[in-house]
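# Remarks on the overall topology
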Amino acid sequence: MVDTIFSHRSIRKYLDKPVEEGVLNQILMAGIRASNTGNMQMYSMIVSTDLDLKEKLWEVHFKQKMVLQAPVHITFCVDVNRFHHWCKASGTSIPYDNFLWFVNGAIDAVLASQNVCIEAENNGLGICYLGTTVYNADRIIEILDIPKGVIPVTSIVIGYPDENPTLTDRLPLEAVIHREKYNDYSKMSIHEFFNEKDNSEFSRKLVLENGVKNFASVFTEKRYKKDDNIFFSKKYFEILKKQGFFNHD
């Protein structure tokens, strides 16, 4: 398991080979064993293997090829709907239709997703997270018939790898670990922590391809621009309200 974690890499090319049902069920079982808020499991996993469905999901995930190539697509959702049904059946009140429980459910869903990913990799499969989930959550809700009280927060694809990419870089441990209290960063420490990332061959190539001044600008001016961030933030906020996570009366 330790080797699995330290050898993790995102896979974007997959073999045309299905994931055996027994293996898939084992992976999903690992997901539901994840830690969660109050053992309430305020999340759901929607497993999509149907090609027609995956084609629709491919459209909303910005037509990333891996969505069609990988045999398994899983959408992880915050889900207070199931717990609400239980509360109604038990004749008790429903206090979970608010932003706090969106946050709790999002934590639950992401913890479950990471368990799924680790177990998938432990079985020789590859995975890749789809950050595009929150951009088009409204369309995913339509495609997957998701009811009120449920909202997508992330997705992954799973399948047998058709590539073996190198490990991607990570910031050094001391860049992300704060002992006892938060120690804010100086300009000198930032330069030190980001030096390897800024000066790698990969980074230099992206800077050149995007015509920007440095690697940070690839993110701020090309990948995750402010206008896009504001647009998708407002869009997701409206979806949250529509799905019933802002009942603050």
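The structure this text deals with has already been given above.
So, here is what we can say about the structure in this document. (Residues numbered from 1 in each chain as written. Predicted model: local features only at pLDDT ≥ 70, side-chain atom pairs only at ≥ 80, totals over all residues. Heavy atoms only, no water.)

### Notes on the overall build of the protein chain
Tallying secondary structure elements over the protein chain gives twelve helices and four strands in all. For 249 residues, the compact-globule estimate of 2.2 N^0.38 gives 18 Å, and the protein chain sits close to it at 20 Å. Overall size of the protein chain, expressed as C-alpha extent along the three principal axes, is 60 × 45 × 35 Å. Split into buried and exposed, the 249 residues of the protein chain put 40% on the buried side. A separation of at least 24 residues holds for 76% of the contacts in the protein chain among residues at least 6 apart in sequence. Of the roughly 15,200 Å² that the protein chain leaves accessible, carbon and sulfur atoms contribute 54%. Distance between charge centres in the protein chain, computed from 29 positive and 32 negative side chains, equals 5 Å. (Helix = DSSP H or I, 4+ residues; strand = E, 2+ residues; numbered from the N terminus. Rg over C-alpha atoms; globule rule 2.2 N^0.38 Å. Buried < 20%, exposed > 50% of the residue type's maximum accessible area, 1.4 Å probe, protein only. Contact = heavy atoms within 4.5 Å. Areas by Shrake-Rupley, 256 points an atom, 1.4 Å probe, with all protein chains shown as cover. Lys, Arg positive; Asp, Glu negative; His and termini not counted. Charge placed at Lys NZ, Arg CZ, Asp CG, Glu CD.)

### Describing the sheet that holds strand β2 (residues 72-79)
Across the sheet, four strands lie side by side as β1-β2-β4-β3; this open sheet has antiparallel pairing. Both outer strands of the open sheet, β1 (43-48) and β3 (126-130), are each paired with one neighbouring strand and no more. Neighbour to neighbour, the strand axes of the sheet diverge by 25 degrees on average, direction disregarded. In terms of strand pairing, β2 meets strand β4 (residues 150-159) through eight bridges, oriented antiparallel. Bridge pairing links Ile74 to Ile156 in β4. (Pairing = 2+ DSSP bridges. Axes fitted to C-alpha atoms, helices over the stretch in contact; angles between N-to-C directions.)

### Side note on the pattern of salt bridges
It is possible for side chains bearing opposite charge to pair when their charged atoms get close. Across all of its chains, the model carries six salt bridges by this definition. Between Arg139 and Glu142 there is a salt bridge, with its nearest N and O atoms 2.9 Å apart. Here the residue Arg139 and the residue Glu142 both occupy positions in helix α7 (residues 137-143), the gap between them amounting to three residues, near one helical turn. Arg139 gets classed as partly exposed once you look at its relative accessible area, which sits at 33%. Note that Lys241 and Glu238 form a salt bridge whose closest N and O atoms lie 3.1 Å from each other. Linking Lys241 with Glu238, this pair stays in helix α12 (residues 226-242), spanning three residues, or about one helical turn. Overall, Glu238 belongs to the partly exposed group, its relative accessible area being 43%. (Salt bridge = Lys/Arg side-chain N within 4 Å of Asp/Glu carboxyl O.)

### Observations regarding α12
For α12, which comprises 17 residues, the first-to-last C-alpha distance of 24 Å matches the rise-based estimate of 24 Å (1.5 Å per residue) to within 8%. Of all the positions in α12, only Phe232, Lys235, Tyr236, Ile239 and Leu240 are classed as buried. Down the axis of α12, the buried set is contained in an arc of 145 degrees. They therefore lie on one face. For α12, the exposed residues lying more than 90 degrees away from the buried face are Lys226, Asp227, Phe231 and Lys234. (Expected span 1.5 Å × (residues − 1). Arc of directions from axis to C-beta.)

### Things to note about unusual backbone geometry
Generally, phi is negative for residues other than glycine and the peptide bonds are trans, each holding for most cases. One non-glycine residue, Asn39, lies in positive phi territory at about 55 degrees. Within the secondary structure, Asn39 is located in the loop between α2 (21-32) and β1. Look at Asn39 and you get exposed, because its relative accessible area is 63%. Phi at Lys63 is positive, roughly 55 degrees, even though this residue is not glycine. Mapped onto the fold, Lys63 is located in the loop between α3 (51-60) and α4 (65-69). The class of Lys63 is partly exposed, set by a relative accessible area of 46%.

### Looking at a nonpolar patch on the surface
There is a patch of nonpolar side chains on the surface, built from Phe99, Val103, Ile107 and Leu111 and spanning about 300 Å² of accessible area. Here Phe99 is to be found in helix α6 (residues 99-122). Note on Phe99: relative accessible area 36%, which makes it partly exposed. (Patch = residues over 30% accessible without salt bridge, like charges linked within 9 Å, V, L, I, M, F, W, Y side chains within 5 Å.)

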